[in-house]
Structure formats: C-alpha cells, structure tokens
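# Notes for the structure review
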Amino acid sequence: MFIKQLSIFVENRPGRINDVTKALAENNINVICVSLSDTADYGVFRLIVSNPKAAQDVLKEKGFSSTLTDVVGVKLPHHFGMLNKMTEALSEAGVNLLYIYAFTSGKDNAAVIIKTSDNKKAKEAVKAAGLEILNPSAAYNL
C-alpha cells in the first residue's frame with residue numbers, strides 16, 4: 001500500500017496557500033509535510049496529511065482542484081550517504097525519480113517522500129537496499 005499525497009492546484013497570488021491551510025486546520029486535518037512548486041500563474045501544493053480523503057473533500061467544498069497520488073515514504077537514518085544509498089537502489093533497478101521532498105521523523109531519522117516512474121518497483125528496490133518504507137498509517141500519524 002502507498003501513501004496518498006494530496007496535490008492542490010493554487011493560483012500564484014497572496015493568500016491562496018493560507019486559504020488551503022486554514023481550511024485544513026478548521027477541519028482538524030494535520031499537515032505532516034509539504035512541498036510547493038510554482039509557475040508564473042499557479043502552483044502545485046503537495047501535502048501529506050492525516051486524512052487525505054477528508055482533506056480533498058474539504059478543499060473541494062472551498063473550490064480547490066486537487067488529486068490524490070500514490071507516493072512512497074522512505075525512512076533515512078541521519079548518516080552520511082543514506083540518500084545516495086536510496087538513489088543508487090532506484091538507479092540500479094531502472095526506476096526514474098520524478099520528484100522528492102524531505103521531512104524529519106525524529107532525532108535519529110529523516111524521511112523522504114518520492115514519486116517515481118514505478119512506485120512498486122521502487123519500494124522493492126529500497127527495501128532490498130536495507131532501507132525502511134513508511135507505511136501509510138505511520139506517515140499519517142507523524
């Protein structure tokens with residue numbers, strides 16, 4: 001099973017990100033980690049939240065367009081070379097890394113969210129490299 005990432009399409013103007021976070025906060029939806037990329041006119045606000053489907057429903061009511069996407073969470077110990085260990089495993093498996101963003105998951109570990117050309121194959125390669133995959137319920141409750 002994969003982590004569900006909420007991707008929201010927002011106009012690139014002041015206050016729009018606040019509108020999203022306010023709607024989530026008012027509905028007791030916790031934001032675990034975020035990524036924002038933009039173009040001249042709009043942005044893609046990617047979130048891992050405590051309840052992806054409820055968040056999507058709340059945002060739809062507020063007029064936001066969003067999608068739920070399968071992504072992989074990988075726990076990376078705070079040691080030199082751990083990110084390289086993961087990217088090497090993906091490379092050797094022939095999996096293309098489409099995007100990545102990181103967050104902390106405690107004193108001893110960081111974690112990354114990755115979207116790949118083949119998430120199932122990516123999970124297998126990362127596990128084979130000895131790295132831990134975050135299960136969805138653990139990710140939603142960080």
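Above this text sits the structure in question.
A few words on unusual backbone geometry. A positive phi angle is found at Asn28, which is not glycine, with a value near 55°. For Asn28, the position within the fold is in the loop between α1 (16–26) and β2 (31–38).

Another point: the nonpolar core. Grouped together as the largest cluster of nonpolar side chains are 14 residues, with contacts concentrated most on Ile8, Val20, Leu24, Leu47 and Leu59. Going through the elements one at a time, β1 (3–11), α1, β3 (42–49) and α2 (52–61) are the ones with two or more residues in this core. Excluding residues that lie within four positions of it along the chain, Leu47 makes contacts with Lys4, Gln5, Leu6, Ile8, Val20, Leu24, Val31, Cys33, Val34 and Tyr101.

This part is about the environment of Asp108. Within the secondary structure layout, Asp108 lies in the loop between β5 (97–104) and β6 (109–116). Asp108 gets classed as exposed once you look at its relative accessible area, which sits at 54%. The spacing of Asp108 and Glu92 is 16 residues in sequence and 27 Å in space, taken between C-alpha atoms. The contact partners of Asp108, leaving out residues within four places of it in the chain, are Pro77 and His78.

With that settled, the discussion passes to the packing of α1 against α2. The geometry of α1 relative to α2 is characterised by a closest axis approach of 10 Å and an angle of 125° between their N-to-C directions. Classed by the angle they form, the pair α1 and α2 counts as oblique. Taken as a pair, α1 and α2 cross one another with a handedness that is right-handed. Together, Val20, Ala23 and Leu24 of α1 and Ala55, Val58 and Leu59 of α2 make up the contact between the two elements.

This brings us to the pairing of strand β4 (residues 65–77). Where β1 and β4 come together, 7 bridges link them in antiparallel fashion. If you follow Ser7 over to β4, its bridge partner there is Thr67. Sheet topology places β4 next to β6; 6 bridges connect them, and they run antiparallel. What sits directly across from Val74, in β6, is Val112. When β4 meets strand β7 (residues 132–134), the two strands line up antiparallel, connected through 3 bridges. Pairing of Val74 across the sheet is with Ile133, part of β7.

Bringing the side chain of Thr69 into the picture now. Inspection of the secondary structure assignment puts Thr69 in strand β4. Note on Thr69: relative accessible area 18%, which makes it buried.

This part covers the pattern of salt bridges. On inspection of all chains with the given rule, the structure shows 6 salt bridges. Note that Glu11 and Arg16 form a salt bridge whose closest N and O atoms lie 3.5 Å from each other. The exposure class of Glu11 is partly exposed, given its relative accessible area of 42%. The exposure class assigned to Arg16 is buried, which follows from its relative accessible area of 15%. Put simply, Lys53 and Asp57 hold a salt bridge, and the shortest N to O gap is 3.0 Å. Taken together, the residues span about one helical turn, with Lys53 and Asp57 both in helix α2 at a distance of 4 residues. Assessed through its relative accessible area of 48%, Lys53 is described here as partly exposed. Overall, the relative accessible area of 33% leaves Asp57 in the partly exposed class.

Procedures and definitions
Residues numbered from 1 in each chain as written. Predicted model: local features only at pLDDT ≥ 70, side-chain atom pairs only at ≥ 80, totals over all residues. Heavy atoms only, no water. Helix = DSSP H or I, 4+ residues; strand = E, 2+ residues; numbered from the N terminus. Core = buried A, V, L, I, M, F, W, Y, C linked by side-chain atoms within 4.5 Å. Buried < 20%, exposed > 50% of the residue type's maximum accessible area, 1.4 Å probe, protein only. Contact = heavy atoms within 4.5 Å. Axes fitted to C-alpha atoms, helices over the stretch in contact; angles between N-to-C directions. Parallel < 35°, antiparallel > 145°, perpendicular 65-115°, else oblique. Left-handed = near helix turned anticlockwise from the far one by under 90°. Pairing = 2+ DSSP bridges. Salt bridge = Lys/Arg side-chain N within 4 Å of Asp/Glu carboxyl O.

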